[in-house]
Amino acid sequence: LQLVESGGGWVQPGGSLRLSCAASGATLADYAVGWFRQAPGKEREAVSCINQYGDRTSAADSTEGRFTTTRDNAKNVVYLQIDSLKPEDTAVYYCAADPLLLCMVVHSPRAYDHWGQGTQVTVSS
């Protein structure tokens, strides 16, 4: 399974972005997918998790309800919609996948076997 994130970029505070995590080499529907972010000098932070069917998601408290995770298994893609962006959302955003997770909680990075290379999100005026 290979994962590729896209959709990052520069955005002004208050704006929105939709990040994509596209899979190849395997059927993404067999995997739970998590989103993570890592700001300079900080540890990688779990953002959300979506189960294989897309009917269960978990989100970190830090997302404050501004982050929405969805998936389109027919397209082999998982999305992270981020609204009302703040400068503190600036980070490299990663997706990760694992076939055994249930997303009852937001899982730690150690729980995932497959990772993308990340996409940079910069929020500034």
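Definitions and cut-offs
The numbers attached to residues start from 1 for each chain and follow its sequence in the written order. Local features are withheld for residues below a pLDDT of 70 in this predicted model, meaning they are given only at 70 or higher, and side-chain atom pairs are given and counted only at 80 or more; totals for whole chains, interfaces and linings count all residues. Just so you know, side-chain values use all the structure's heavy atoms and leave hydrogens and water out. Secondary structure follows DSSP: runs of H or I at least 4 residues long count as helices, runs of E at least 2 residues long count as strands, and numbering of each begins at the N terminus. For a compact globule the rule gives 2.2 Å times the number of residues to the power 0.38, and the radius of gyration it is set against comes from C-alpha atoms. Relative accessibility under 20% of the residue-type maximum defines a buried residue, over 50% an exposed one, and the middle range a partly exposed one, all with a 1.4 Å probe and only protein chains included. Any two residues whose heavy atoms approach within 4.5 Å are treated as being in contact. Here, Shrake-Rupley sampling with a 1.4 Å probe gives the accessible areas, and only protein chains in the shown set may cover a residue. Joining through side-chain atoms within 4.5 Å is the link that ties buried Ala, Val, Leu, Ile, Met, Phe, Trp, Tyr and Cys residues into a set, and such a set is a nonpolar core. Note on disulfides: each one is a pair of cysteine sulfur atoms within 2.5 Å.

(A) Geometry of the overall build of the protein. Helix and strand content of the protein: zero helices and eleven strands. Starting at the N terminus and ending at the C terminus, the protein contains elements arranged as β-β-β-β-β-β-β-β-β-β-β. On C-alpha atoms alone, the protein measures out to a radius of gyration of 13 Å, which is about the 14 Å that the 2.2 N^0.38 rule sets for 125 residues. Projected onto the principal axes, the alpha-carbon positions of the protein cover approximately 40 × 25 × 25 Å. For the protein, the proportion of its 125 residues judged to be buried stands at 46%. A sequence separation of at least 24 residues applies to 61% of the contacts in the protein between residues at least 6 apart. For the protein, the exposed surface amounts to about 6,200 Å²; the carbon and sulfur share of it is 49%.

(B) Representation of the nonpolar core within the structure. Ranked by internal contacts, the top residues of the largest apolar core, which has 25 residues, are L3, L28, W35, L80 and Y93. For this core, the secondary structure elements donating two or more residues are β3 (17–24), β4 (32–38), β5 (45–50), β8 (77–82), β9 (91–98) and β11 (119–123).

(C) Seen up close, unusual backbone geometry. Even without being a glycine, N76 presents a positive backbone phi close to 60°. Within the secondary structure, N76 sits in the loop between β7 (67–72) and β8. N76 gets classed as buried once you look at its relative accessible area, which sits at 16%. In this structure, C103 takes a positive phi of about 60° despite not being glycine.

(D) Inspection of the state of the cysteines at higher detail. Per the stated rule, a full pass over the model turns up two disulfides. At a sulfur-sulfur separation of 2.1 Å, the disulfide partner of C21 is C95. The sign of the 70° torsion about the S-S bond sets the C21-C95 disulfide as right-handed. A residue pair is termed long-range when its members are at least 10 positions apart, and C21 in strand β3 and C95 in strand β9 qualify at 74 residues.

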